[in-house]
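One-letter residues, chain by chain:
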Amino acid sequence: MNEWFNVEQIDDTTYAISEYGHWEQVHSYLLIGKEFAFLIDTGLGIGNIKKVTEDLTDVPVKVITTHVHWDHTGGHRLFDEIYVHKEEAKWLREGIPLPVEKIREYVSGPVTKKLPEDFHIEDYYPYKGEPAGVLQDNDILTDGSRNIKIIHTPGHSPGHICIYEEERGFLFTGDLIYKGTLFAFYPSTDPAAFCKSVEKICAIQKIDKILPGHNDLNIDRNYPEGVRKAFMELKGMGLLKHGTGLHDFGNIKIRF
């Protein structure tokens, strides 16, 4: 197995592919069906995530993009079939509005694992390409054996999505919900939309496992409700807006 990635089995046909050696501790997820597999995000692009998926399955892989940030699209170039929400299709084609030098700064470290020998930060460029398809809220993607629902959850970015697999009770939350500081201070973020998106996923009746885009994989299924309460408190104080800084609620932190 590729030494850059950690692979953890969620169930018989679902895997977390994690980059714990990087400060962002990014997670991608492979959902294997009978006809093909869904790969939710492709990580930083430091290691070759396609080789990892090939060790886990021999069915074709379709990439579902939670949002078009460098730490979730780094390995997109290795795959032919990529899907993204319609609000970020232009970003996928043309790139996000951030200088490549700044992105390279984020990608380059700090790291606690040896970088792959074929990785050179000076050659690193964020992925740009034409999507195979664009997604909308409530779209259902299926291979005949697994059905996943697209939930548009803007706030962290305009076209951010969560992915819900009702049969298993899996909710893949990308950068909407994870342990650590939630970020909505960039110009392309929207604190008010973030709040509404958290409320939206808290309304889902069956959530047995939350699978985030970063940090600890062990998240209590009631954690989103705590995040919702924090957002509502900030809303009540008139702090749900850019420039209000870091808000600390103990195990939940939010930066506007």
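See above for the structure.
Treat the numbers as computed from the prediction; the structure is a model and nothing was measured.

Some remarks on the overall build of the protein chain
Here comes step 1: Each helix and strand counted, the protein chain has six helices and 15 strands in total.
Here comes step 2: Expected size for 256 residues packed as a compact globule is a radius of gyration near 18 Å; at 17 Å, the protein chain falls within 12% of this value.
Here comes step 3: Principal-axis analysis of the C-alpha atoms gives the protein chain an extent of 50 × 40 × 30 Å.
Here comes step 4: Across the 256 residues of the protein chain, 53% fall into the buried class.
Here comes step 5: In the protein chain, 61% of the contacts between residues at least 6 apart in sequence involve partners at least 24 apart.
Here comes step 6: Entry remark: accessible area of the protein chain is about 11,500 Å², with carbon and sulfur atoms responsible for 47%.
Here comes step 7: Side-chain charges in the protein chain split into 28 positive and 39 negative, and the spacing between the mean points of these groups amounts to 5 Å.

Points about the nonpolar core
Here comes step 1: Counting residues in each nonpolar core, the largest one holds 32 residues, and the members touching the most others are I17, L30, L39, I49, W70, F79 and V107.
Here comes step 2: Counting residues per element, the ones that place at least two in this core are β2 (14-19), β3 (26-32), β4 (37-40), α1 (49-56), β5 (61-64), β6 (82-85), α3 (89-94) and α4 (100-108).
Here comes step 3: The residues contacting I49, other than those within four sequence positions of it, are F5, I17, S28, L39, T42, G75, L78 and F79.
Here comes step 4: Core analysis: the second largest hydrophobic core is formed by 26 residues, I151, C162, I254 and F256 among them.

A look at the packing of helix α5 (residues 191-202) against helix α6 (residues 223-236)
Here comes step 1: Closest axis-to-axis distance for the α5/α6 pair is 9 Å, and the angle between their directions is 145 degrees. Like other packed secondary-structure pairs, α5 and α6 cross with a definite hand, here left-handed. For the pair formed by α5 and α6, the contact residues are P191, F194, C195, V198, E199, I201 and C202 on the first element and P224, E225, V227, R228, F231 and M232 on the second.
Here comes step 2: Residue composition of the contact of α5 with α6, grouped by class: 10 nonpolar, no polar and three charged.

Looking at the environment of D123
Here comes step 1: Position of D123 among the secondary structure elements: in the loop between α4 and β7 (133-135).
Here comes step 2: Spatially, the C-alpha atoms of D123 and R104 are 9.4 Å apart, while their sequence positions differ by 19 residues.

What about the packing of aromatic side chains?
Each aromatic ring pair is described using two quantities: the centre-to-centre distance and the angle formed by the ring planes.
Here comes step 1: On inspection of all chains with the given rule, the structure shows nine aromatic pairs.
Here comes step 2: A ring pair is formed by F119 and Y124, whose centres lie 6.2 Å apart and whose planes are at 70 degrees; its orientation type is edge-to-face.
Here comes step 3: By relative accessible area, Y124 is classed as buried at 6%.
Here comes step 4: For the ring pair F183 and F185, a centre distance of 5.6 Å and an interplane angle of 80 degrees mean the geometry is edge-to-face.
Here comes step 5: The class for F185 is partly exposed, based on a relative accessible area of 25%.
Here comes step 6: Aromatic ring contacts, followed pair by pair, group Y29, F170 and F172 into a single cluster.
Here comes step 7: Over the face of the ring belonging to Y125 we find R104, whose NZ or CZ atom lies 4.6 Å from the ring centre.

Things to note about α4
Here comes step 1: Taken together, the buried positions of α4 are occupied by I103, R104, Y106 and V107. Down the axis of α4, the smallest arc covering the buried residues is 160 degrees, so these residues share one side.
Here comes step 2: Elements in contact with the buried residues of α4: α2 (70-73).
Here comes step 3: Trailing α4 by a residue or two, G109 shows a phi angle of about 155 degrees, which is positive.

Re the pattern of salt bridges
Here comes step 1: A full pass over the atoms with the stated rule returns 11 salt bridges.
Here comes step 2: With a closest N to O distance of 3.1 Å, E130 and R93 form a salt bridge. Of this pair, E130 sits in the loop between α4 and β7 while R93 is found in helix α3, placing the two residues 37 residues apart along the sequence.
Here comes step 3: The exposed category is assigned to E130, whose relative accessible area is 56%.
Here comes step 4: A residue is classified by how much of its surface remains accessible, and R93, at 38% relative accessible area, is partly exposed.
Here comes step 5: We note a salt bridge from R146 to E165, for which the minimum N-O separation is 2.8 Å. Taken together, the residues span a long stretch of sequence, with R146 in the loop between β8 (140-142) and β9 (147-152) and E165 in strand β10 (residues 161-165) at a distance of 19 residues. In terms of burial, R146 and E165 fall into one category: buried.
Here comes step 6: Beyond isolated ion pairs, a larger network of salt bridges with shared partners links D11, R146, E165 and R168.

Reading guide: rules and limits
Every residue gets a number counted from 1 within its own chain, in the order that chain's sequence is written. Only residues with pLDDT of at least 70 are given local features in this predicted model, and only at 80 or more are side-chain atom pairs given and counted; all residues enter the totals for whole chains, interfaces and linings. Only hydrogens and water are set aside; all other atoms, that is, all heavy atoms of the structure, feed into the side-chain values. For the purposes of this entry, the term helix denotes a DSSP run of H or I that reaches at least four residues, the term strand denotes a run of E that reaches at least two, and both are numbered from the N terminus. A radius of gyration in this sense is built from C-alpha atoms; the matching globule rule multiplies 2.2 Å by the number of residues raised to 0.38. Summary of the burial criterion: residues with accessible area below 20% of their type's maximum are buried, those above 50% are exposed, and those between are partly exposed, where the area comes from a 1.4 Å probe applied to protein chains only. The contact definition used throughout considers only heavy atoms, calling two residues in contact when any of these lie within 4.5 Å. The Shrake-Rupley method, run with a 1.4 Å probe sphere, supplies the accessible areas, and residue values consider only the shown protein chains as cover. Within this scheme the basic residues Lys and Arg register as positive and the acidic residues Asp and Glu register as negative, but His and the chain ends are omitted. Here the site of a charge means NZ on Lys, CZ on Arg, CG on Asp, or CD on Glu. As used here, the term nonpolar core means buried Ala, Val, Leu, Ile, Met, Phe, Trp, Tyr and Cys residues forming a set that is joined through side-chain atoms within 4.5 Å. Helix axes use the C-alpha atoms of the stretch in contact, all axes being lines fitted to C-alpha atoms, and the angles between their N-to-C directions lie in the range 0 to 180 degrees. Take the far helix as your reference; a near helix turned counterclockwise from it by less than a right angle gives a left-handed crossing, and one turned clockwise gives a right-handed crossing. Three classes are used, and their members are as follows: Ala, Val, Leu, Ile, Met, Phe, Trp, Tyr, Cys and Pro are nonpolar, Asp, Glu, Lys and Arg are charged, and the others, Gly among them, are polar. Stacked, tilted and edge-to-face are the three classes applied to pairs of Phe, Tyr and Trp rings, where Trp contributes its six-membered ring and a pair requires centres within 6.5 Å; stacked means planes under 30 degrees apart, edge-to-face means over 60, and tilted covers the rest. Remark: a charge is flagged as sitting over a ring if the NZ atom of Lys or the CZ atom of Arg is within 6 Å of the ring centre and within 35 degrees of the ring normal. Within this analysis, the arc is defined by the directions that extend from the helix axis to the C-beta atoms. For salt bridges, the criterion is a side-chain nitrogen of Lys or Arg within 4 Å of an Asp or Glu carboxyl oxygen.

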